[in-house]
Protein chains: 2
Amino acid sequence: MENIISKYKDKGIRLTPQRIAILKFLEGNTDHPAAEDIYRKVRRRYPTISFATVYNTLQTLTEKGDLLEITIDPTRRHYDPNTTPHHHIVCTDCNEIMDVFVDYSDVLTLPSHVLREFKPVGNHVDFYGVCRKCQKKKGGEN
Amino acid sequence: MENIISKYKDKGIRLTPQRIAILKFLEGNTDHPAAEDIYRKVRRRYPTISFATVYNTLQTLTEKGDLLEITIDPTRRHYDPNTTPHHHIVCTDCNEIMDVFVDYSDVLTLPSHVLREFKPVGNHVDFYGVCRKCQKKKGGEN
DNA sequence: CTCTTATATTAGAATTATTCTAATATAGGG
DNA sequence: CCCTATATTAGAATAATTCTAATATAAGAG
Ligand SMILES: [Mn+2]
Ligand SMILES: [Mn+2]
Ligand SMILES: [Zn+2]
Ligand SMILES: [Zn+2]
């Protein structure tokens, strides 16, 4: 818990109570929260926190390389504190996002005509599927 | 050109001049336009067209399975009239999007603990890279 | 410990993409 | 040619994100 503080002290990011609360919420969080999820949680302890602070902090962390923006939900940006490269599977029904820790880099080869136009630097796979909960729901509907 | 009309007449989509203009703009378009790109183009011939018409038409086409929404740019939705499954590479600098027509399904295998939670229905790979134009620009900066 | 200041926080306004509304127009079948 | 279910429209509404400018504070220097 307290090592979050030492971890970020070095990085040259100024540690305010609001930021520490955000960092604690994100630490180990595997839910891929959106800004509002973070805002709602942190506001419980810091009722005057502003959305601007949440967005500013998320942007700072992203710039420092300690947070990833997930562009998988067209309606809002989600955030992922796990910056080791990995992929996601999303429920087409409820939008739940689950991690997929497999490195597909070796098999994701690009055709030469693409390589002629682009110098690749990374990849990310979005899997789509139906989560167990939604499979049950759908079964019941029929 | 005229076969667009016959193609969609069957599908039970009512063909208005505005819709035909949108369909013609999308036909074979490989630029992955956003709603505003479509609006701006079609407005040249139909100056009174509304954004609502553009969005309604895009939604209708998506529902009929003749258009794909591309969730790769966090600031706006892009659309792809090519509905055969394929992937994309995006320039991290200028956001240009290029198609990648390779079927990776066989090699994108999921771990069993993920398969226990999700019944997969599809996948999409986002490649990131730097396009030739931006490679030159960046080279010049240094 | 106190001072200083660069940086962070805040409320609220601004911006922007997308959706909604309700009045009007029209595609296309009969 | 008529009818009506469906499409178009202007503009308002909504919602995510960004911006602004005033105030507060973290943390390094002394
Ligand atoms: Mn993740
Ligand atoms: Mn494409
Ligand atoms: Zn689900
Ligand atoms: Zn580029």
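Residues numbered from 1 in each chain as written. Chains lettered and ligands numbered in written order. Predicted model: local features only at pLDDT ≥ 70, side-chain atom pairs only at ≥ 80, totals over all residues. Heavy atoms only, no water.

## Concerning the relation of the copies chain A and chain B
In plain terms, the rule: Here the copies are matched by least squares. The fit uses the C-alpha atoms of residues with pLDDT of at least 70 in both. Every residue pair with non-hydrogen atoms within 4.5 Å of one another is taken to be in contact.
Once chain A is rotated about the relating axis by 180° and shifted along it by 0.0 Å, it coincides with chain B to within an RMSD of 0.1 Å. The two molecules are tied by a two-fold rotation axis, judged by turn and shift. Residue V125(A) of chain A places its C-alpha closer to the rotation axis than any other residue of that unit, at 2.2 Å. Both copies present the same face, since 100% of the interface residues in chain A are matched by interface residues at the equivalent positions in chain B.

## Focus: the coordination of the zinc ion (ligand 3)
Tetrahedral coordination by four donors sets the ideal angle at the metal to 109.5 degrees; octahedral coordination by six donors sets it to 90 or 180 degrees. Residue and element names in this part refer to chain A. Rules: Sites may look incomplete because water is not among the atoms; the donors themselves are N, O and S atoms within 2.8 Å of the metal, or within 3.2 Å for Na, K and Ca. Key to geometry: four donors with every angle between 85 and 135 degrees are tetrahedral; four donors are square planar and six octahedral where opposite donors lie over 155 degrees apart and all remaining angles lie between 65 and 115; all other sites are irregular. Partly exposed describes any residue whose relative accessible area lies between the buried limit of under 20% and the exposed limit of over 50%, with all areas from a 1.4 Å probe on protein chains only and scaled to the type maximum.
Surrounding the zinc ion (ligand 3) are the protein donor atoms C91 (SG), C94 (SG), C131 (SG) and C134 (SG), which sit 2.2 to 2.4 Å from the metal. Angles of 103 to 113° at the metal separate the four donor atoms of the zinc ion (ligand 3), which places the site in the tetrahedral class. Overall, the relative accessible area of 1% leaves C91 in the buried class.

## What about the coordination of the manganese ion (ligand 1)?
Residues and elements named next belong to chain A. Filter applied, for reference: Each helix corresponds to a stretch of at least 4 residues labelled H or I by DSSP, and each strand to a stretch of at least 2 residues labelled E; elements are numbered beginning at the N terminus.
Within the protein, the atoms that donate to the manganese ion (ligand 1) are H32 (NE2), D80 (OD), H86 (NE2), H88 (NE2) and D99 (OD), at distances of 1.9 to 2.2 Å. All donor residues of the manganese ion (ligand 1) come from one chain, and their arrangement in sequence is H-x47-D-x5-H-x1-H-x10-D. With a gap of 67 residues between them, H32 in the loop between α2 (17-26) and α3 (35-45) and D99 in strand β4 (residues 97-100) connect regions that are remote in the sequence. Given a relative accessible area of 2%, H32 falls into the buried group.

## Looking at the interface of chain A and chain B
In plain terms, the rule: As a working definition, buried area equals the accessible area (1.4 Å probe) given up by two parts on being put together, with both sides summed. By definition here, a salt bridge exists when the distance from a side-chain nitrogen of Lys or Arg to a carboxyl oxygen of Asp or Glu is within 4 Å. Identification of polar contacts relies on pairs of N or O atoms within 3.5 Å, with a donor-acceptor requirement for protein atoms, meaning one able to donate a hydrogen and the other able to accept it, and with residues adjacent in sequence counted only if both atoms are side-chain atoms. Polarity classes work like this: nonpolar for Ala, Val, Leu, Ile, Met, Phe, Trp, Tyr, Cys and Pro, charged for Asp, Glu, Lys and Arg, and polar for all others, with Gly in that last group. A strand pair is defined by DSSP finding two or more bridges across the two strands.
Facing 41 residues of chain A, the contacting portion of chain B comprises 41 residues. Together, the buried faces of chain A and chain B total about 3400 Å²; carbon and sulfur atoms form 67% of this surface. Summed over the shared surface of chain A and chain B, the number is two salt bridges. In this structure, R132(B) and E117(A) form a salt bridge, with 3.7 Å as the shortest nitrogen-oxygen distance. The tally of links from chain A across to chain B stands at 14 residue pairs in polar contact (both at pLDDT 80 or more). For the side of chain A that touches chain B, the elements supplying multiple residues, two or more each, are β3 (87-91), β4, α5 (112-117), β5 (118-131) and α6 (132-141) of chain A. Here the element with the most residues in the side of chain A that touches chain B is β5(A); it accounts for 14 residues. A class-by-class count of the residues in the side of chain A that touches chain B yields 22 nonpolar, ten polar and nine charged. As paired elements, β5(A) and strand β5 (residues 118-131) of chain B share 13 bridges and run antiparallel to each other.

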